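A structural walkthrough
Single-letter residue listing:
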Amino acid sequence: MTPVPDKTETVYVIDPDSAIREGLSALLGTLDIPVSCYADAQHFFDSEAPQGWQDGCILVEAKLRGLSCLAFLKRLRAGGNTLPVLVLASTSNRFIAGQMLQAGATDVIDKPFVNGHLLERLHPLMKRSSGPDAATPLRFTAKNGTDVTIRVIRPEDADIEQAFIRNLSARSRFLRFFYTIKQLSPYMLDRFTRPSYPHNWALIATIVEAGQDKEIGVARYASTESQGVAEFAIVVADEWQGLGIARQLLHELITVADHAGIECLQGIVMRENVKMLKLAKELGFAAEPDPHDATVERVIRNLADADN
């Protein structure tokens, strides 16, 4: 029997794949969320979890050995257990998802999208755990009075991410990528829209236009080969520059990186990008010349030395 931590909320993971169990444990562990794992539903019912624990959340694989996921949900709810249940499905199937929701599932998440969706989805379900805060959408008002949302990018944002890059001016694209680019390749688009916390993360700034999300900025970090060091990059749509979007994006990215255990955040900025160099300095980054390229500067912030 897996021991159940006390006096805090716990995420209960039920999945026959040990690699999935270990991966989710590692992911949630970075957020200081206690995790209890079970290979099947029967082991969960044989534990103390359904009898004495009403705080937390259950993550359950849609395809279980022995007791099926649908039977698990029905038995769980029939026994009076009210823990939120997120079903992890390997493939999208509306009919199956509908059955799960009708049986008492809180939500059904496609496994390929689990990193971004899971962290966002856990926040409203976990009453006291602070870990998922880094993935919680932030809403603020830009200097022009527009309501802006900052949230993690998701695979289904591929279209608005591509449109965002295409609509950047040639100069903004060059300052971001350091070479001529008109749009993202399929490989880059897939990689850019599938963040994998804590190793890499991407936040987008969006507005609502004609009832749809429109991306107006993006900031991301990615771990390097150096332990505890990550590279960051940021770009804002030309017509939205100077309105506080970049500052808010970078501030939130610093918070996420610090929470993920990144000790040093660094970026390469073109020397002609005066506004970005100024913003980095205002947010605590030190700038130094790049010994290999006189046209750029490296901005560095040691997150381990000070509070954010």
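Residues take numbers from 1 onward in each chain, read along the sequence in its written order. This being a predicted model, a pLDDT of at least 70 is required before a residue's local features are given, and a value of 80 or more before pairs of side-chain atoms are given or counted; all residues contribute to the totals for chains, interfaces and linings. Values reported for side chains reflect all heavy atoms of the structure, with hydrogen atoms and water molecules removed beforehand.

**Here's the deal with the confidence of the model for the protein**
Reading fine detail from the predicted coordinates is not recommended where pLDDT is low. As a reminder of what qualifies: Within a predicted model, pLDDT stands for the predictor's per-residue confidence, ranging from 0 to 100. The contact definition used throughout considers only heavy atoms, calling two residues in contact when any of these lie within 4.5 Å.
Per-residue confidence for the protein averages 86 on the pLDDT scale, and 87% of its residues sit at or above 70. Low pLDDT (under 50) marks residues 1–7, which in the prediction has 19 contacts with non-local residues, meaning those over four places away or in another chain.

**Some points on the sheet that holds strand E2 (residues 35–38)**
How we decide: For two strands to count as paired, DSSP must find a minimum of two bridges between them. Segments assigned H or I by DSSP are reported as helices when at least four residues long, segments assigned E as strands when at least two residues long, and all are numbered from the N terminus. Under this scheme, a helix contributes an axis fitted over its contacting stretch, all axes are lines through C-alpha atoms, and angles between N-to-C directions fall in the 0 to 180 degree range.
What the five strands build is an open sheet, ordered E2-E1-E3-E4-E5; its pairing is parallel. The strands lining the two open edges of the sheet, one partner per strand, are E2 and strand E5 (107–110). Strand-to-strand, the axes of this sheet are offset by a mean angle of 20°, without reference to chain direction. Across four bridges, the pairing between strand E1 (residues 10–14) and E2 is parallel.

**What to know about the sheet that holds strand E9 (residues 212–223)**
The strand order across the open sheet built from eight strands is E6-E7-E8-E9-E10-E11-E13-E12, with neighbouring strands paired in mixed fashion. Two strands close off the open sheet at either side, each with one partner strand: strand E6 (138–141) and strand E12 (286–290). Each neighbouring strand pair of the sheet contributes to a mean axis angle of 25°, computed without reference to strand direction. Here E6 pairs with strand E7 (residues 147–152) via four bridges, running antiparallel.

**Quick notes on the nonpolar core**
Note the following rule: Joining through side-chain atoms within 4.5 Å is the link that ties buried Ala, Val, Leu, Ile, Met, Phe, Trp, Tyr and Cys residues into a set, and such a set is a nonpolar core. When accessible area is computed with a 1.4 Å probe and restricted to protein chains, residues below 20% of their type maximum are described as buried, those above 50% as exposed, and intermediate ones as partly exposed.
With 71 residues, the main nonpolar core has Leu59, Tyr221, Phe232 and Ile245 as its most contacted residues. Per element, the largest residue contribution to this core is seven residues, and it comes from helix H10 (residues 245–259). Setting aside chain neighbours within four positions, we find Ile245 in contact with Phe140, Ala142, Val148, Ala205, Ile216, Val236 and Trp240.

**Concerning the packing of aromatic side chains**
Short version of the rule: Two rings from Phe, Tyr or Trp (for Trp, the six-membered ring) form a pair when their centres sit within 6.5 Å of each other. Planes less than 30 degrees apart are called stacked, planes more than 60 degrees apart edge-to-face, and all others tilted. Two limits define a charge over a ring: the Lys NZ or Arg CZ must be within 6 Å of the ring centre, and within 35 degrees of the ring normal.
Counting across every chain of the model gives seven aromatic pairs. Where Phe44 meets Phe72, the ring centres are 5.7 Å apart and the plane angle is 80°; that geometry is what we call edge-to-face. Here Phe44, found in helix H2 (residues 41–46), pairs with Phe72, found in helix H4 (residues 69–78); they are 28 residues apart in sequence, far enough to count as distant. Using a relative accessible area of 0% as the deciding quantity, one classes Phe44 as buried. Judged by its relative accessible area of 0%, Phe72 falls in the buried class. Centroid distance Phe232 to Phe285: 5.2 Å. Interplanar angle 40°. Geometry classified as tilted. On the criterion of sequence distance, the pair formed by Phe232 in strand E10 (residues 229–236) and Phe285 in the loop between helix H11 (274–282) and E12 is long-range, its members being 53 residues apart. For the residue pair Phe232 and Phe285, the accessibility class agrees, reading buried in each case. One aromatic cluster in this structure is built from Tyr12, Tyr38, Phe44, Phe45 and Phe72. One Lys or Arg, Arg75, reaches over the ring of Phe45 and ends 4.0 Å from the middle of that ring. Stacked on the ring of Phe192, the Lys or Arg Arg220 has its end atom at 4.2 Å from the ring centre.

**Some thoughts on the packing of H4 against helix H5 (residues 94–103)**
Put simply, the rule reads: Put simply, angles under 35 degrees are roughly parallel, angles over 145 are roughly antiparallel, angles from 65 to 115 are roughly perpendicular, and the rest are oblique. Crossing handedness follows the turn of the near helix against the far one: under a right angle anticlockwise gives a left-handed crossing, and clockwise gives a right-handed one.
Axis separation between H4 and H5 bottoms out at 9 Å; the angle between their running directions is 15°. By the criterion of interaxial angle, the relationship of H4 to H5 is roughly parallel. Considering the relative orientation of H4 and H5, their crossing is left-handed. Contact residues: H4 offers Cys69, Leu70, Leu73, Lys74 and Arg77, while H5 offers Gln99, Met100 and Ala103.

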